[in-house]
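Each chain, written out:
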Amino acid sequence: MSQHHGKVWWNELMTRDVAGAKAYYEQTCGWDITASPMPFGDYWVCTHQGRPVAGIMDMDLAGDQMKGIPPHWFTYMAVSDVDAAIKATVAAGGESMGPAFDVPQVGRIGIVKDPSGAPVGLMTPAEEA
């Protein structure tokens, strides 16, 4: 097992009102929020005292995948081997929401529903992949 296995690794706000979310979290939490260009559009990285703490994603950039889903916070858990964790999730009665994928300099990610039906992201951080 890696030193990060089981830790809450990342939190991401999925919203259709990025400008409103940025204004709210800058004022409420004192976050600095900067754009990080991605192939699909800007991803917004939130930092506090120079340390990354969360991300903001424009749900409209996901197309029909997010249609009908309300804005929400989404959590990613660090696991030593995301592919093995997805298989274990399915074996335990959960569900894989699609194949795992790699995000350069971030890690390997899989989206699952745990056996209770709650969606969660599993990821092997790039530093461990």
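Residues numbered from 1 in each chain as written. Predicted model: local features only at pLDDT ≥ 70, side-chain atom pairs only at ≥ 80, totals over all residues. Heavy atoms only, no water.

K.L.:
Explain the pairing of strand E5 (residues 72-78) here, please?
P.N.:
Each regular strand carries side chains that alternate between the two faces of the sheet. In the sheet, strand E1 (residues 8-15) pairs with E5 via six bridges, with the strands oriented antiparallel. Note on E5: the bridge partner recorded for Met14 is His72. The sheet contact formed by E5 and strand E9 (residues 119-125) spans three bridges and is parallel. Of the residues in E9, the one forming a bridge with Ala78 is Met123. (Pairing = 2+ DSSP bridges. Helix = DSSP H or I, 4+ residues; strand = E, 2+ residues; numbered from the N terminus.)

K.L.:
What's the story with helix H1 (residues 18-29) in this structure? I'm lost.
P.N.:
A turn of α-helix holds 3.6 residues, and therefore any two residues three or four places apart point the same way. Across its 12 residues, H1 extends 16 Å between first and last C-alpha, which sits within 8% of the 16 Å expected from 1.5 Å per residue. Every buried residue belonging to H1 is among Val18, Ala21, Lys22 and Tyr25, and all of these are buried. Here the buried residues of H1 occupy an arc of 100 degrees about the axis, which is enough to place them on one side. Facing away from the buried side of H1, by more than 90 degrees, are the exposed residues Ala19 and Gln27. Looking at the buried side of H1, the elements it contacts are E1, strand E2 (32-38), strand E3 (41-48), strand E4 (51-58) and E5. (Expected span 1.5 Å × (residues − 1). Buried < 20%, exposed > 50% of the residue type's maximum accessible area, 1.4 Å probe, protein only. Arc of directions from axis to C-beta. Contact = heavy atoms within 4.5 Å.)

K.L.:
Help me understand the environment of Thr15 in this model?
P.N.:
With respect to the helices, strands and loops of the structure, Thr15 is situated in strand E1. Assessed through its relative accessible area of 7%, Thr15 is described here as buried. For Thr15 and Met57, which are 42 residues apart along the polypeptide, the C-alpha to C-alpha distance reads 6.3 Å. Sequence-distant contacts of Thr15, that is, excluding residues within four places in its chain, are made with Ala21, Ile56, Met57, Asp58, Met59 and Pro71.

K.L.:
Honestly, the pattern of salt bridges in this entry has me stumped. Any pointers?
P.N.:
A pair can form between side chains of opposite charge whenever their charged atoms are brought close. Under the criterion given, the structure shown has three salt bridges. Ionic pairing is found between Asp83 and Arg108, a salt bridge with its closest N-O pair at 2.8 Å. Residue Asp83 is found in helix H2 (residues 82-91), and its partner Arg108 is found in strand E8 (residues 107-113); the two are separated by 25 residues along the sequence. If you follow the salt bridges from partner to partner, you end up with Asp83, Asp102 and Arg108 in one network. (Salt bridge = Lys/Arg side-chain N within 4 Å of Asp/Glu carboxyl O.)

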